[in-house]
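Chain by chain, the residues run as shown.
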Amino acid sequence: MIMEQTVTGVAEGLIYHIFPLGMQGASRSNFEQVVRGRNIKSFVSWIPHLKRRGVSAVLFGPILHSTSHGYDSIDLYKLDPRLGSNEDFAELSRALHDEGIAVIMDAVCNHSGRDFFAFRDLLKRREDSPYRHWYMDVDFSMPGPAGDGFSYACWDGHPSLPKFNLSNPEVRDYLLDALDLWIDEFHIDGLRMDAADVIDPSFWPQLRQRADGKYRPEGEMAFNGGRFWIMGEMVFGRYSDICGPDQLDSITNYELYKGLYSSHNDANYFELAWSLKRQFAEDGIYRHLKLYNFVDNHDVERITSRLNNAAHLYPLHILLFTVPGFPSLYYGSETGIPGKKEAGDWELRPELDSQRLLTSGSHPDLLHSIEKLSQIRRNEAALHEGEYSEVLV
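Rules used in this analysis
Residues numbered from 1 in each chain as written. Predicted model: local features only at pLDDT ≥ 70, side-chain atom pairs only at ≥ 80, totals over all residues. Heavy atoms only, no water. Disulfide = S-S within 2.5 Å. Buried < 20%, exposed > 50% of the residue type's maximum accessible area, 1.4 Å probe, protein only. Core = buried A, V, L, I, M, F, W, Y, C linked by side-chain atoms within 4.5 Å. Helix = DSSP H or I, 4+ residues; strand = E, 2+ residues; numbered from the N terminus. pLDDT = per-residue confidence, 0-100. Contact = heavy atoms within 4.5 Å. Polar contact = N/O pair within 3.5 Å; in protein donor to acceptor, adjacent residues only side chain to side chain. Pairing = 2+ DSSP bridges. Axes fitted to C-alpha atoms, helices over the stretch in contact; angles between N-to-C directions. Parallel < 35°, antiparallel > 145°, perpendicular 65-115°, else oblique. Left-handed = near helix turned anticlockwise from the far one by under 90°. Nonpolar A, V, L, I, M, F, W, Y, C, P; charged D, E, K, R; others polar. Salt bridge = Lys/Arg side-chain N within 4 Å of Asp/Glu carboxyl O. Patch = residues over 30% accessible without salt bridge, like charges linked within 9 Å, V, L, I, M, F, W, Y side chains within 5 Å. Areas by Shrake-Rupley, 256 points an atom, 1.4 Å probe, with all protein chains shown as cover. Phe/Tyr/Trp six-rings, centres within 6.5 Å; stacked < 30°, edge-to-face > 60°. Lys NZ or Arg CZ within 6 Å of the ring centre and 35° of its normal.

For the rest of this paragraph, the subject is the state of the cysteines. Tallied over the entire structure, the rule returns zero disulfides. In this structure Cys 109 is not part of a disulfide, and its nearest cysteine sulfur, from Cys 243, lies 16 Å away. Assessed through its relative accessible area of 3%, Cys 109 is described here as buried.

Moving on: the nonpolar core. Grouped burial of nonpolar side chains is what soluble globular proteins tend to show. In terms of nonpolar packing, the biggest core is built from 114 residues, with Phe 60, Phe 89, Trp 182, Ile 188 and Leu 191 touching the most fellow members. With ten residues, helix H5 (residues 169-186) is the single largest residue contributor to this core.

Of the residues in the chain, 96% have a pLDDT of 70 or more, and the chain-wide mean is 94. Scored below 50 in pLDDT, residues 1-11 shows 42 contacts in the model against residues more than four places distant or in partner chains.

Most of helix H10 (residues 313-322) is tucked away: seven of the ten residues are buried. If you check which residues of H10 are buried, you get Leu 313, Leu 316, His 317, Leu 319, Leu 320, Phe 321 and Thr 322.

On to the environment of His 298, then. Among the secondary structure elements, His 298 is positioned in the loop between strand S10 (292-293) and helix H9 (303-306). By relative accessible area, which is 2% here, His 298 ends up buried. As a C-alpha pair, His 298 and Tyr 331 span 33 residues in sequence and 9.4 Å in three-dimensional space. At a separation of 3.3 Å, a polar atom in the side chain of His 298 contacts the side chain of Asp 299.

On to the pairing of strand S5 (residues 73-79), then. With three bridges joining them, strand S4 (residues 64-66) and S5 adopt antiparallel strand pairing. Considered in S5, the bridge of Ser 66 is made with Ser 73. Counting the residues that bridge the hairpin from S4 to S5 gives six residues, and of these Gly 70 lies at a positive phi of roughly 105°.

What follows is about the environment of Met 193. Looking at the secondary structure, you find Met 193 in strand S7 (residues 190-193). Along the chain, Met 193 and Val 108 lie 85 residues apart, while their C-alpha atoms are 6.4 Å from each other.

Next up on the list: the side chain of Ser 374. Of note, Ser 374 is situated in helix H12 (residues 366-379). Note on Ser 374: relative accessible area 3%, which makes it buried. Ignoring any residue separated from it by four or fewer positions in sequence, one finds Ser 374 in contact with Leu 14, Arg 53, Gly 54 and Phe 321.

Right, let's get into the packing of H5 against helix H6 (residues 203-214). For the pair H5 and H6, interaxial distance at closest approach is 10 Å and the crossing angle is 30°. Taken together, the axes of H5 and H6 are roughly parallel relative to one another. For the pair H5 and H6, the crossing hand works out as right-handed. Residues Arg 172, Leu 175, Leu 176, Asp 177, Leu 179, Asp 180, Ile 183 and Asp 184 of H5 form the contact with H6, whose own contacting residues are Phe 203, Gln 206, Leu 207, Arg 210, Ala 211 and Lys 214. Of the residues in the contact of H5 with H6, the class split is seven nonpolar, one polar and six charged.

The next point concerns the pattern of salt bridges. Side chains that differ in sign of charge can pair as their charged atoms come close. This structure, assessed with the given rule, holds 29 salt bridges. Residue Arg 82 pairs with Asp 80 through a salt bridge whose shortest N-O separation is 2.9 Å. Accessibility expressed as a relative area gives 2% for Arg 82, which makes it buried. A salt bridge links Arg 126 to Glu 127; the shortest N-O distance between them is 3.8 Å. Looking at Arg 126, the relative accessible area reads 25%, which means it is partly exposed. Ionic contacts of the salt-bridge type, sharing partners, join the residues Asp 106, Arg 192, Asp 194 and Glu 233 into one network.

Attention now moves to a nonpolar patch on the surface. Among the surface-exposed residues, Tyr 269, Phe 270 and Val 393 lie close enough to one another that they form a single nonpolar patch of about 320 Å² accessible area. When its relative accessible area of 58% is taken as the criterion, Phe 270 is described as exposed.

What follows is about the packing of aromatic side chains. For the coordinates displayed, the defined rule picks out 34 aromatic pairs. Between the aromatic rings of Phe 43 and Trp 46, the centroid separation amounts to 6.0 Å while the plane-to-plane angle is 20°, which identifies the pairing as stacked. As far as burial versus exposure is concerned, Phe 43 and Trp 46 are alike and both buried. Ring plane angle 80° and centroid distance 5.5 Å describe the contact between Phe 223 and Trp 229, whose orientation is recorded as edge-to-face. Assigned by exposure class, Phe 223 and Trp 229 land together as buried. Aromatic rings pair up to connect Tyr 77, Phe 116, Phe 117, Phe 119, Tyr 131, Trp 134, Tyr 135, Phe 140, Phe 150, Tyr 152, Phe 164 and Tyr 174 into one cluster. The cationic tip of Arg 306 hangs over the ring face of Tyr 261; the distance from NZ or CZ to the ring centre is 4.6 Å. Over the face of the ring belonging to Trp 346 we find Arg 349, whose NZ or CZ atom lies 5.9 Å from the ring centre.

Shown next as structure tokens:
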């Protein structure tokens, strides 16, 4: 494959993805008898590590007040108490910006948790609740998935995650006002939209308009060309359906992720070549999109545990840093930290600090290869501004 230089107007860089509740050793729930967790400000100690690897942005997994794992929201205007206060995260954001590193936040706009104020009022006042129409398919003639005496739509069949009714202007106003706060107080530069594939697509132009009207990059922040970056989580479906000038900038590239590891495990590089050609060749369906590329994240097994042959970590990362799109690293995987889904997702989200990074992984030498690859990518414009064509498989 070759990458021929062209102009895209998008400043690409390495994105570092963390899951703060796991990384900071937080309690599994905000309602345990003893609630613990290191303050989010301690992530400042990771900045030298990020700088050496050429990180352009940090993607923070869910950080707002929630019941347990971060996606069952209680309050979208408040940092999770297990991680500290709004002021603490704002201080961390300033420290990252001072080093030229952008801040991206995980946003949960498709659903809330059952402890969210609107759903608690619905449980209490039922038909008389002013928030009855904040949720999808509320039906008081049905028993419901959680024994509440009424039914409601929820994400992926999980009753703990009731689905917002995004056709309700009050719900949209609440979410867009939350965005204002995140930009004003946290100074974020972008969002990862959780469950973007099942969010009402008519919401995207409103979100884009509000973000573009509100965002003012600090200093000379060049990430995404100085434009507020919105990336959506989409496991299945056609990415271009929700990407565009007035919609999202990028999508989680699960198709490429699958090909990256299985082509190595199966010794079948034609699978990966097919995906790259389908996505990025001259007639590729995503040729003009800058997709978010990854080899693992908080929902899938760590790449060290996914690969059959650990030596394949090196060619796999060469591919990650040289294919079109944004490359990303999930915290700890740069030194080969393992993680399998045997006891649940928390095994993929371990507690970790910068001092234990090198000793916790089985492949500390991978870190040096990643550092070199990041430098090569930054220095070779064709790798981040180029077009893709297949020469040899």
